[in-house]
Amino acid sequence: MNGCCNDLHLLFSKMPEYRFPFEPQSIPSNGIYVLFEEGEFAHGANRIVRVGTHTGNNQLRSRLQQHFVAEKKDRSIFRKHIGRALLNRDQDPFIRQWQIDLTTRAAKDQYAHTINFDKLHEVEQQVTAYVRSAFRFAVFRVDDKDKRLELESKIISTVSLCEGCASSNDWLGKHSPVGKIQKSGLWLVNELYKTQLEQDELEGLERLIANS
């Protein structure tokens, strides 16, 4: 079992938790969020199921709003993952339309006529209901972009490489059509199984959180 991952879970379990509805002004402008999901546990604490950040300056609050508030799956890969799992679980053929990204004008011109927008709105509402009821999160401030991305990657890798962080039998992600999500137990496909946090980096993270 990964001792560093155990310490990570204990560290995050001591932090204030947020869930919807949350006050955006209570969230730092720049930083990293750590998601926990109802019914998921590891290391005697709530199991980490997703770690995320942002690239643009002062965009952490906006990123969380995209996950919890805005019903636009093409602006939140997290919402898209949840929708895929729900639709796949229910063997709903609408999953083929859900996969289509309508962000660009070219995509809209090509695919919009094939989309059942009433059904799309219905699934967005289902995703919203699940996200708001099942997830809570901790956040900590990291102003430097490169540092945010480095920490995000190493935290994700630390958790994904830990044998003690298996998902429960009832975890929604087991219904995901994305193999990396099923295998890792995380609502993520990037930064898995890379470079873990070293002990000195974990201690640095503890200091960073204590001073944020």
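Remember, predicted model here, so these are calculated numbers, not experimental data.

### Some words on the packing of aromatic side chains
Here is step 1 of the chain: A complete count under the given rule lists 8 aromatic pairs for this structure.
Here is step 2 of the chain: Seen from their ring centres, Phe12 and Phe140 are 6.0 Å apart, and the 15 degrees between their planes marks the pair as stacked. With Phe12 in helix α1 (residues 3-13) and Phe140 in strand β3 (residues 135-141), this pair connects stretches of sequence that are 128 residues apart. Here Phe12 matches Phe140 in class, with each residue buried.
Here is step 3 of the chain: Three or more aromatic residues joined by ring pairs make a cluster, and in this case those are Tyr18, Phe22, Phe68 and Phe137.
Here is step 4 of the chain: A cation over an aromatic ring shows up here: Arg47 above the ring of Trp171, its NZ or CZ 5.3 Å from the ring centre.

### Side note on the environment of Ile82
Here is step 1 of the chain: When you line up the elements, Ile82 lands in helix α3 (residues 77-89).
Here is step 2 of the chain: Along the backbone, Ile82 and Val34 are 48 residues apart, and their C-alpha atoms lie at a distance of 16 Å.

### Overview of the sheet that holds β3
Here is step 1 of the chain: Reading across from one edge, β2-β1-β3 is the order of the 3 strands in this open sheet, with antiparallel pairing throughout. The sheet is open, and its two edges are formed by β2 (45-52) and β3, each paired on a single side. In this sheet, adjacent strand axes meet at a mean angle of 35 degrees when their direction is disregarded.
Here is step 2 of the chain: With 7 bridges joining them, strand β1 (residues 31-42) and β3 adopt antiparallel strand pairing. Considered in β3, the bridge of Leu35 is made with Phe137.
Here is step 3 of the chain: The strands that α1 touches are β1, β2 and β3; relative to β2, the one it contacts most, it runs at about 95 degrees.

### Quick word on the environment of Asp170
Here is step 1 of the chain: Inspection of the secondary structure puts Asp170 in the loop between α7 (145-160) and α8 (179-184).
Here is step 2 of the chain: Overall, Asp170 belongs to the exposed group, its relative accessible area being 73%.
Here is step 3 of the chain: Put simply, Asp170 and Glu40 are 130 residues apart on the chain and 9.0 Å apart in space, counted from C-alpha to C-alpha.

### A word on the packing of α1 against α7
Here is step 1 of the chain: One way to put it is that α1 packs onto α7 with a least axis distance of 9 Å and a crossing angle of 115 degrees. Considering only the axes of α1 and α7, their crossing is left-handed. Facing α1, whose interface residues are Cys4, Cys5, Leu8, His9 and Phe12, α7 presents Ile155, Thr158 and Val159.
Here is step 2 of the chain: Residue classes in the contact of α1 with α7 are distributed as 6 nonpolar, 2 polar and no charged.

### Remarks on the nonpolar core
Here is step 1 of the chain: Ranked by internal contacts, the top residues of the largest apolar core, which has 33 residues, are Leu64, Ile82, Phe135, Phe137 and Trp187.
Here is step 2 of the chain: Broken down by secondary-structure element, the contributors of at least two residues to this core are β1, α2 (60-68), α3, α4 (95-98), α6 (117-134) and β3.
Here is step 3 of the chain: Setting aside residues up to four positions removed in sequence, Phe135 forms contacts with Arg19, Leu35, Phe36, Glu37, Val49, Phe68, Phe78, Ile82, Tyr130 and Trp187.
Here is step 4 of the chain: The next biggest cluster of nonpolar side chains, apart from the first, holds 28 residues, and it includes Ile48, Ile155, Leu186 and Leu197.

### Considering the packing of α7 against helix α9 (residues 199-210)
Here is step 1 of the chain: Running from N to C, α7 and α9 cross one another at 120 degrees; their axes reach a closest spacing of 12 Å. By the angle between their axes, α7 is oblique relative to α9. Regarding α7 and α9, the two cross each other, and that crossing is left-handed. Across the interface between the two elements, Glu150, Leu151, Lys154 and Ile155 of α7 pack against Glu201, Leu205 and Leu208 of α9.
Here is step 2 of the chain: Classifying every residue of the contact of α7 with α9 by side-chain character gives 4 nonpolar, no polar and 3 charged.

### Quick notes on the pattern of salt bridges
Here is step 1 of the chain: Inspection of every chain in the model, using the stated rule, returns 14 salt bridges.
Here is step 2 of the chain: Two residues, Arg136 and Glu17, come together in a salt bridge whose shortest N-O distance is 3.2 Å. Taken together, the positions of Arg136 in strand β3 and Glu17 in the loop between α1 and β1 put the pair 119 residues apart, joining distant regions of the chain.
Here is step 3 of the chain: A relative accessible area of 37% means that Glu17 is categorised as partly exposed.
Here is step 4 of the chain: For Lys119, the salt bridge identified is with Glu122, shortest N-O distance 3.7 Å.

What counts, and at which threshold
Residues numbered from 1 in each chain as written. Predicted model: local features only at pLDDT ≥ 70, side-chain atom pairs only at ≥ 80, totals over all residues. Heavy atoms only, no water. Phe/Tyr/Trp six-rings, centres within 6.5 Å; stacked < 30°, edge-to-face > 60°. Helix = DSSP H or I, 4+ residues; strand = E, 2+ residues; numbered from the N terminus. Buried < 20%, exposed > 50% of the residue type's maximum accessible area, 1.4 Å probe, protein only. Lys NZ or Arg CZ within 6 Å of the ring centre and 35° of its normal. Pairing = 2+ DSSP bridges. Axes fitted to C-alpha atoms, helices over the stretch in contact; angles between N-to-C directions. Contact = heavy atoms within 4.5 Å. Left-handed = near helix turned anticlockwise from the far one by under 90°. Nonpolar A, V, L, I, M, F, W, Y, C, P; charged D, E, K, R; others polar. Core = buried A, V, L, I, M, F, W, Y, C linked by side-chain atoms within 4.5 Å. Parallel < 35°, antiparallel > 145°, perpendicular 65-115°, else oblique. Salt bridge = Lys/Arg side-chain N within 4 Å of Asp/Glu carboxyl O.

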